Amino acid sequence: MNSKRILPPLPTVAHILKLYNVQARKHLAQNFLFDPKITDRIVSYAGSDLAGREICEIGPGPGGITRSILRRNADLLSVVEKDARFIPSLQMLADVAQDRMRLHHADILDFDAKTAFSENKAVPWMESGLPQFCFIGNLPFNISLPLLFKYLDDISHRRGVFELGRIPSVLTFQYEVAERLISLPGDRQRCRLSITAQYLCHIKYCFTIYGSSFVPAPKVNVGVVKLVPKQHFDIQLPFRTVDHVVKHVFHLRQAYCVKGLRSLFPPQRDDLVAQMIKVSGVNPEMPPYKLYMSHFRDLCYTFDEICEKIPQIREVDTYSDKDWKKYFDEHGEPIVEGKSLTHPVRFNDSARERAT
Ligand code: SAM
């Protein structure tokens, strides 16, 4: 083994916190992992040997996962940490790892993650392989969903860091969130997040970390999840369109899905709701959590086609008739094919053709 890749003896992660007198901060959702068996296990889902791989670690904190990544021989590790108190101890790790580790004092939500990876090692989306890159993070609970939504949006456009290819992520989520990410039709946890993540990514539940394994211990357990962007998305539409439709369908979770569909359109446009149902073939009395991905796909394509004719429908995101009225008062009622929006519009079945 290359001697450069062996870490010299270091103070333990717990000692590092004492040494630098760092205490967990609640507003940064800091819950640390000290046990190398757990940090090694998280990292193992990125690969058993990381030689030749480049890793971006989100929120390294005192560096437990960071050490596991370095021990597995990663070629390059970029760590992104927001809390300045960890920078000196992370700098110590960067010094011993020499040119294998780069330290970024930044907020991951603003960080240009493309700089973490070598562009010349990108793998185009239409090639079957994955790039030798990976995100790893024991995420703070308060940013895990905003970050996931940002990445899903970027994946759907194959932009930002995902221009470099189908980069996998191994991330922690609050257990209930992890469950939602992997829920299937009929599961009680199936929700907006299940659809918007699964249409873009293969998702694997790796293992559970009990709250008691963290310092300080959160009241909840944590699920480790691996997401790999799909080569061909189940729905060929941008994240925002899919999320908009799915959010409305799930608006009334226990009710018939037709109720949620109604909230996508202005009042008195039940003909558009009927169009959605006819073209997608969805049973209007089905509760949303029982619908399959193919149902959501057909609903999204039909909605997108309706919006091609009446773009204003995309602009209003509300569950209230009052807001539609306000929008019409402010912008005037759109005229489609010589008729006002309160008149039915005819559509063909091209959305169904796109879906088949
Ligand atoms: N990886 C460490 C571990 O497993 O022990 C720390 C995990 S702790 C749950 C989350 C870490 O993310 C903290 O170090 C916190 O300061 C950092 N963090 C919080 N918000 C962040 C953000 N927006 N960008 C980058 N790091 C952030």
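Preceding this section is the structure that the text describes.
We now turn to the structure provided with this report. (Residues numbered from 1 in each chain as written. Predicted model: local features only at pLDDT ≥ 70, side-chain atom pairs only at ≥ 80, totals over all residues. Heavy atoms only, no water.)

### Focus on the pattern of salt bridges
In step 1: For the structure on display, the rule yields 18 salt bridges.
In step 2: Between Arg71 and Asp40 there is a salt bridge whose closest N-O contact spans 3.2 Å. Of this pair, Arg71 sits in helix 3 (residues 64-71) while Asp40 sits in helix 2 (residues 36-44); the two residues are 31 residues apart in sequence, bridging distant segments of the chain.
In step 3: Here Arg71 falls in the partly exposed class, since its relative accessible area comes to 41%.
In step 4: Residues Glu54 and Lys121 are paired through a salt bridge, measuring 3.2 Å at the closest nitrogen-oxygen approach. Taken together, the positions of Glu54 in strand 2 (residues 54-58) and Lys121 in the loop between strand 4 (101-105) and strand 5 (133-137) put the pair 67 residues apart, joining distant regions of the chain.
In step 5: Judged by its relative accessible area of 2%, Glu54 falls in the buried class.
In step 6: Taking relative accessible area as the criterion, Lys121 reaches 37% and is therefore assigned partly exposed. (Salt bridge = Lys/Arg side-chain N within 4 Å of Asp/Glu carboxyl O. Helix = DSSP H or I, 4+ residues; strand = E, 2+ residues; numbered from the N terminus. Buried < 20%, exposed > 50% of the residue type's maximum accessible area, 1.4 Å probe, protein only.)

### Description of the sheet that holds strand 7 (residues 201-209)
In step 1: Here seven strands make up an open sheet; going across it, the order is 4-3-2-5-6-9-7 and the pairing mixed. Two strands in the sheet have a free side with no partner beyond their single neighbour: strand 4 and strand 7. Each strand axis lies, on average, 20° off the axis of its neighbour in the sheet, ignoring direction.
In step 2: Bridge count for strand 3 (residues 76-81) against strand 4 is five bridges, and the pairing is parallel. Across the sheet, Glu81 pairs through a bridge with His105, a residue of strand 4. (Pairing = 2+ DSSP bridges. Axes fitted to C-alpha atoms, helices over the stretch in contact; angles between N-to-C directions.)

### Overview of the environment of Lys114
In step 1: Its place among the elements puts Lys114 in the loop between strand 4 and strand 5.
In step 2: Sequence separation of Lys114 and Phe162 is 48 residues, and the distance between their C-alpha atoms is 8.1 Å.
In step 3: Within the structure, Lys114 has its side chain in polar contact with the side chain of Glu163 (distance 2.9 Å). (Polar contact = N/O pair within 3.5 Å; in protein donor to acceptor, adjacent residues only side chain to side chain.)

### Quick look at the site of the ligand
In step 1: In the vicinity of the ligand there are 22 residues, among which Gln30, Leu33, Gly59, Glu81 and Asn138 approach most closely.
In step 2: In this structure, Lys82 approaches the ligand through a main-chain N or O atom, which is 3.3 Å from a nitrogen atom.
In step 3: Between Ile108 and the ligand, the recorded distance is 2.9 Å, taken from a backbone N or O atom to a nitrogen atom.
In step 4: Here the ligand loses 99% of its free accessible area of 590 Å² to cover by the protein chains.
In step 5: Elements with a minimum of two residues in the shell around the ligand: strand 1 (32-33) and strand 3.
In step 6: Taken together, the residues of the shell around the ligand break down into 12 nonpolar, five polar and five charged. (Near = heavy atom within 4 Å. Areas by Shrake-Rupley, 256 points an atom, 1.4 Å probe, with all protein chains shown as cover. Nonpolar A, V, L, I, M, F, W, Y, C, P; charged D, E, K, R; others polar.)

### Topic: the packing of helix 2 against helix 3
In step 1: Two elements in contact, helix 2 and helix 3, have axes separated by 9 Å at closest approach and are oriented at 60°. When the axes of helix 2 and helix 3 are compared, the pair comes out oblique. For the element pair helix 2 and helix 3, the recorded crossing hand is right-handed. From helix 2, Pro36, Thr39, Asp40, Ile42 and Val43 reach across to helix 3, where they touch Gly64, Ile65, Ser68, Ile69 and Arg71.
In step 2: Residue composition of the contact of helix 2 with helix 3, by class: five nonpolar, three polar and two charged. (Parallel < 35°, antiparallel > 145°, perpendicular 65-115°, else oblique. Left-handed = near helix turned anticlockwise from the far one by under 90°. Contact = heavy atoms within 4.5 Å.)

Read these as layout, nothing more, since geometry by itself doesn't imply function.
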